[in-house]
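Remarks on the overall topology
What follows is the residue order along each chain.
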Amino acid sequence: MKKVITYGTFDLLHWGHINLLKRAKDLGDYLIVAISSDEFNEIKNKEAYHSFENRKMILEAIRYVDEVIAEDNWEQKVEDVQKHDIDVFVMGDDWEGKFDFLKEYCEVVYLPRTVGISTSKIKDDLFDVNNG
């Protein structure tokens, strides 16, 4: 079985996220999604609308996702790849080159982002609507 892993916050889920998850799953048989814990988001100074538990529940309901785990720190990726016997590590191409150190452990793939949608865009649009 070919195992794939990807990471993210996955807050304000949108069709760009679904597109990424589908393309990641197409690279293997089993997809693990590591989502930032609330504590890790705090360390990154990133505020999520949904709690970790709610984001986890939403992702577990998506047919492309086989397992959801917590990401608690930047350093755990090597451990996750080894612990879960990962064959392919997948991230959006906005992270290109940042995870090449994982090539020692598995294949690293950077997928093009879905054009026209992002969580930042949604937040900006909502801000404009509420303050416009």
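Here is a short report on the structure shown in this document. Just so you know, these numbers come straight off a predicted model, no measurement behind them.

Let's shift gears to the packing of aromatic side chains. Under the defined criterion, the tally for this structure stands at 6 aromatic pairs. Ring geometry for F89 versus F99: centroids 5.2 Å apart, planes at 55°, classification tilted. Here F99 lies in the loop between β4 (88-92) and β5 (107-111) and F89 lies in strand β4, a separation of 10 residues in the sequence. As far as the burial class goes, F89 and F99 line up, both buried. Ring-pair connections join several aromatic residues into one group, and the members of that group are Y7, F40, W74, F89, W95, F99 and F101. Against the face of Y30 rests K3, its NZ or CZ located 5.5 Å from the ring centre. One Lys or Arg, K77, reaches over the ring of Y7 and ends 4.6 Å from the middle of that ring.

To continue, consider the pattern of salt bridges. Summed over the entire model, instances satisfying the criterion amount to 7 salt bridges. In this structure, the salt-bridge partner of D38 is R55, at a minimum N-O distance of 3.2 Å. Remark: R55 occurs in helix α3 (residues 52-60) and D38 occurs in helix α2 (residues 38-43); sequence separation between them is 17 residues. Residue class for D38 comes out partly exposed when judged on its relative accessible area of 33%.

Spatial strand order, β3-β2-β1-β4-β5: 5 strands in an open sheet with parallel pairing. A single partner strand is all that each edge strand has here, and the edge strands are β3 (67-71) and β5. Shown here is a sheet whose adjacent strand axes are inclined to one another by a mean of 25°, direction ignored. Relative to strand β2 (residues 30-36), strand β1 (residues 3-8) is paired through 6 bridges, and the arrangement is parallel. Of the residues in β2, the one forming a bridge with G8 is I35. Contacting β1, β2, β4 and β5, helix α1 (residues 15-25) runs over the sheet at an angle of about 140° to β2.

The next point concerns the pairing of β5. Burial within β5 is extensive, with 4 of its 5 residues counted as buried. Summarising the sheet, β4 and β5 pair through 5 bridges and their orientation is parallel. Looking across to β5, one finds that V88 is bridged to E107.

Backbone geometry at F10 places phi at a positive 55°, although glycine is not the residue there. Here F10 shows up in the loop between β1 and α1.

Residues L21, V33, L59 and V90 are the most contacted members of the largest nonpolar core, which totals 18 residues. Within the residue set of this core, elements represented by two or more residues are α1, β2, α3, β4 and β5. If we skip the residues at most four places from it in the chain, L59 touches F10, L13, L21, V33, I35, V65 and V68. With 15 residues, the next largest nonpolar core counts I5, I86, M91 and C106 among its residues.

Criteria and thresholds
- Here the residue numbering is sequential within each chain, running from 1 through the sequence in written order.
- For this predicted model, a pLDDT threshold of at least 70 governs which residues receive local features, and a threshold of 80 or more governs which side-chain atom pairs are given and counted, while totals over whole chains, interfaces and linings are taken from all residues.
- With hydrogens and water set aside, each side-chain value is computed from the structure's full complement of heavy atoms.
- We call Phe, Tyr and Trp rings a pair once their centres come within 6.5 Å, taking the six-membered ring for Trp, and we label the pair stacked below 30 degrees between planes, edge-to-face above 60, and tilted otherwise.
- Here a helix means four or more residues in a row that DSSP labels H or I, a strand means two or more in a row labelled E, and each is numbered from the N terminus.
- The buried label goes to any residue with under 20% of its type's maximum accessible area, the exposed label to any with over 50%, and the partly exposed label to all in between, with areas taken from a 1.4 Å probe on protein chains only.
- By the criterion adopted, a ring carries a charge over it if an Arg CZ or a Lys NZ lies within 6 Å of its centre and within 35 degrees of its normal.
- We define a salt bridge as a contact between a side-chain nitrogen of Lys or Arg and a carboxyl oxygen of Asp or Glu at a distance within 4 Å.
- In short, DSSP must find at least two bridges between two strands for them to pair.
- Axis definition: a line fit to C-alpha positions, over the contact stretch in the case of helices; interaxial angles, taken between N-to-C directions, run 0 to 180 degrees.
- In this analysis, two residues are considered to be in contact whenever any of their non-hydrogen atoms come within 4.5 Å of each other.
- Residue types Ala, Val, Leu, Ile, Met, Phe, Trp, Tyr and Cys, when buried and joined through side-chain atoms within 4.5 Å, form a set referred to as a nonpolar core.

Taken by themselves, the reported measurements are silent on function.
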